Amino acid sequence: MEIDNMVFIAGKTFLVTGANRGIGQALVEEILKRGAKRVYAGTRTGWTHADQRVTPLTLDVTDAAQVERAAGQIDSLDVLVNNAGVAAYDDLSDRAVIDRHLAVNLFGMQRMVEAFLPQLVRSGGAIVNNLSVNALAPFPVVPAYGISKAAAFSMTQSMRALLADRGVSVHAVLTGIVDTDMSAGVDIPKASPESVAESILDGVEKDEEDIFPDPMAQALTESWRNGAVKALERENASLARAIRAQAQAS
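A.B. asks: Teacher, can you tell me more about unusual backbone geometry here?
C.D. replies: Phi angles above zero are rare outside glycine, and Leu 92 is one such case at about 65°. As for its position among the elements, Leu 92 is in the loop between strand E4 (79-82) and helix H3 (95-123). Residue classification places Leu 92 among the partly exposed positions, given a relative accessible area of 44%.

Rendered as structure tokens:
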């Protein structure tokens with residue numbers, strides 16, 4: 001990997017959604033530690049931060065008007081971190097629960113990328129989508145969550161291929177169990193949000209496509225990166241580039 005392709009954090013401008021708790025809050029603190037110039041912190045409710053480099057934004061990713069307004073306020077952006085998410089226990093018996101997960105975890109993410117893509121193309125920036133190992137295999141006590149994360153991972157892979165020629169890198173974060181409000185009812189060992197935030201940013205700085213930031217997730221790293229599914233992703237991306245090139249030439 002050429003060092004010029006790596007996304008260094010010092011001096012850069014970030015936008016983090018879901019920034020007031022859990023992994024989002026830990027990411028804000030770790031980004032600041034690494035010398036970022038500015039962090040726009042998106043939250044659904046009012047929130048403040050003592051560091052003057054942090055600019056709070058009232059930002060519900062399901063609210064198109066709020067997203068559009070935020071995009072109009074931010075002229076320059078290097079890294080978009082799509083961290084906002086929802087997880088609820090369900091048994092697939094209520095379509096409204098599935099719709100709610102898709103609205104936040106899939107369509108909210110897509111809305112953010114669409115709104116801020118012009119800034120990211122200008123900066124040659126990066127998109128970091130916080131997903132879950134549930135994108136690879138569902139945890140059937142939260143099946144709607146798994147559905148939304150699997151869809152979001154597929155979208156992330158397509159974004160990666162589609163935006164590469166425009167100079168924007170796209171990173172998937174595949175977390176295991178992290179000690180946040182979302183996992184409060186799960187009594188198993190959990191990684192701290194702080195350690196996960198550190199690993200996520202390490203992965204971004206190393207320009208890793210898929211980031212496995214905690215012990216549970218890291219157990220999958222080698223088999224995923226060297227596996228048939230990842231190889232197929234790369235083959236499909238290469239084929240898509242050839243098809244687009246052929247279409248442009250004709």
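A.B. asks: It is not clear to me how the pairing of strand E2 (residues 38-43) should be interpreted in this structure. Could you clarify?
C.D. replies: In summary, the side chains of a regular strand alternate between the two faces of the sheet. Along E2, five of the six residues are buried, which leaves the element largely enclosed by surrounding structure. Summarising the sheet, strand E1 (residues 13-17) and E2 pair through five bridges and their orientation is parallel. Bridge assignment links Leu 15 to a residue of E2, and that residue is Tyr 40. With respect to chirality, the unit in which E1 leads through helix H1 (residues 22-33) into the neighbouring parallel E2 is right-handed. Sheet analysis places E2 next to strand E3 (residues 54-58), joined by five bridges and oriented parallel. Bridged to Gly 42 within E3 is Leu 57.

A.B. asks: For this particular structure, what's the right way to read the nonpolar core?
C.D. replies: A general tendency of soluble globular proteins is for nonpolar side chains to be buried together. Ranked by internal contacts, the top residues of the largest apolar core, which has 39 residues, are Leu 15, Leu 80, Met 112 and Phe 116. Secondary-structure elements contributing two or more residues to this core are helix H2 (64-73), H3, helix H4 (143-163) and strand E6 (169-173). Sorting elements by how many residues they give to this core places H3 first, with ten residues. Setting aside anything within four residues of it in sequence, one finds Leu 80 in contact with Leu 15, Met 112, Val 113, Phe 116, Leu 120, Ala 126, Ile 127 and Val 128. By size, the runner-up hydrophobic cluster in this structure holds 29 residues, among which are Val 7, Ile 9, Ala 26 and Val 196.

A.B. asks: I keep staring at the pattern of salt bridges and nothing clicks. Help me out?
C.D. replies: When their charged atoms lie close together, side chains carrying opposite charge are able to pair. Counted by the stated rule, this structure contains twelve salt bridges. Arg 34 serves as the salt-bridge partner of Glu 30, at 2.9 Å between the closest nitrogen and oxygen. A salt bridge links Arg 225 to Glu 208; the nearest nitrogen and oxygen atoms lie 3.1 Å apart. With Arg 225 in helix H7 (residues 221-225) and Glu 208 in the loop between helix H5 (193-205) and strand E7 (210-211), this pair connects stretches of sequence that are 17 residues apart. Classification of Glu 208 as partly exposed rests on a relative accessible area of 22%. Residues participating in the shared-partner salt-bridge network are Arg 160, Glu 209, Asp 210, Lys 230 and Glu 233.

A.B. asks: Is there a simple way to explain the pairing of E6 in this structure?
C.D. replies: Burial analysis of E6 places five of its five residues in the buried class, which makes it a mostly covered element. With burial as the criterion, each face of E6 is covered, one bearing Ser 169, His 171 and Val 173 and the other bearing Val 170 and Ala 172. Across five bridges, the pairing between strand E5 (residues 126-130) and E6 is parallel. Bridge pairing in E6 links Ala 126 to Ser 169.

A.B. asks: What is the right way to read the sheet that holds E5 from this model?
C.D. replies: Strand-to-strand pairing in sheets goes through backbone hydrogen bonds, with the strands running parallel or antiparallel. Read across the open sheet, the seven strands follow the order E3-E2-E1-E4-E5-E6-E7; overall the sheet is parallel. Each edge of the sheet is formed by a strand with only one pairing partner; in this case those strands are E3 and E7. Where H3 meets the sheet, it contacts E1, E4 and E5, and its direction lies at approximately 175° from that of E4.

A.B. asks: Help me understand the environment of Gly 22, please; the structure alone is not making it clear to me.
C.D. replies: Relative to the helices and strands, Gly 22 is located in helix H1. Classification of Gly 22 by relative accessible area gives partly exposed; the value is 25%. Remark: the alpha-carbon pair of Gly 22 and Ser 154, spanning 132 residues in sequence, is separated by 24 Å. With near-sequence residues (within four places) excluded, Gly 22 lies in contact with Thr 180 and Pro 193.

Rules used throughout
- Residues numbered from 1 in each chain as written.
- Predicted model: local features only at pLDDT ≥ 70, side-chain atom pairs only at ≥ 80, totals over all residues.
- Heavy atoms only, no water.
- Helix = DSSP H or I, 4+ residues; strand = E, 2+ residues; numbered from the N terminus.
- Buried < 20%, exposed > 50% of the residue type's maximum accessible area, 1.4 Å probe, protein only.
- Pairing = 2+ DSSP bridges.
- Right-handed = clockwise from strand over helix to strand, strands pointing away.
- Core = buried A, V, L, I, M, F, W, Y, C linked by side-chain atoms within 4.5 Å.
- Contact = heavy atoms within 4.5 Å.
- Salt bridge = Lys/Arg side-chain N within 4 Å of Asp/Glu carboxyl O.
- Axes fitted to C-alpha atoms, helices over the stretch in contact; angles between N-to-C directions.

These results come straight from atomic positions and should not be treated as a statement about function.
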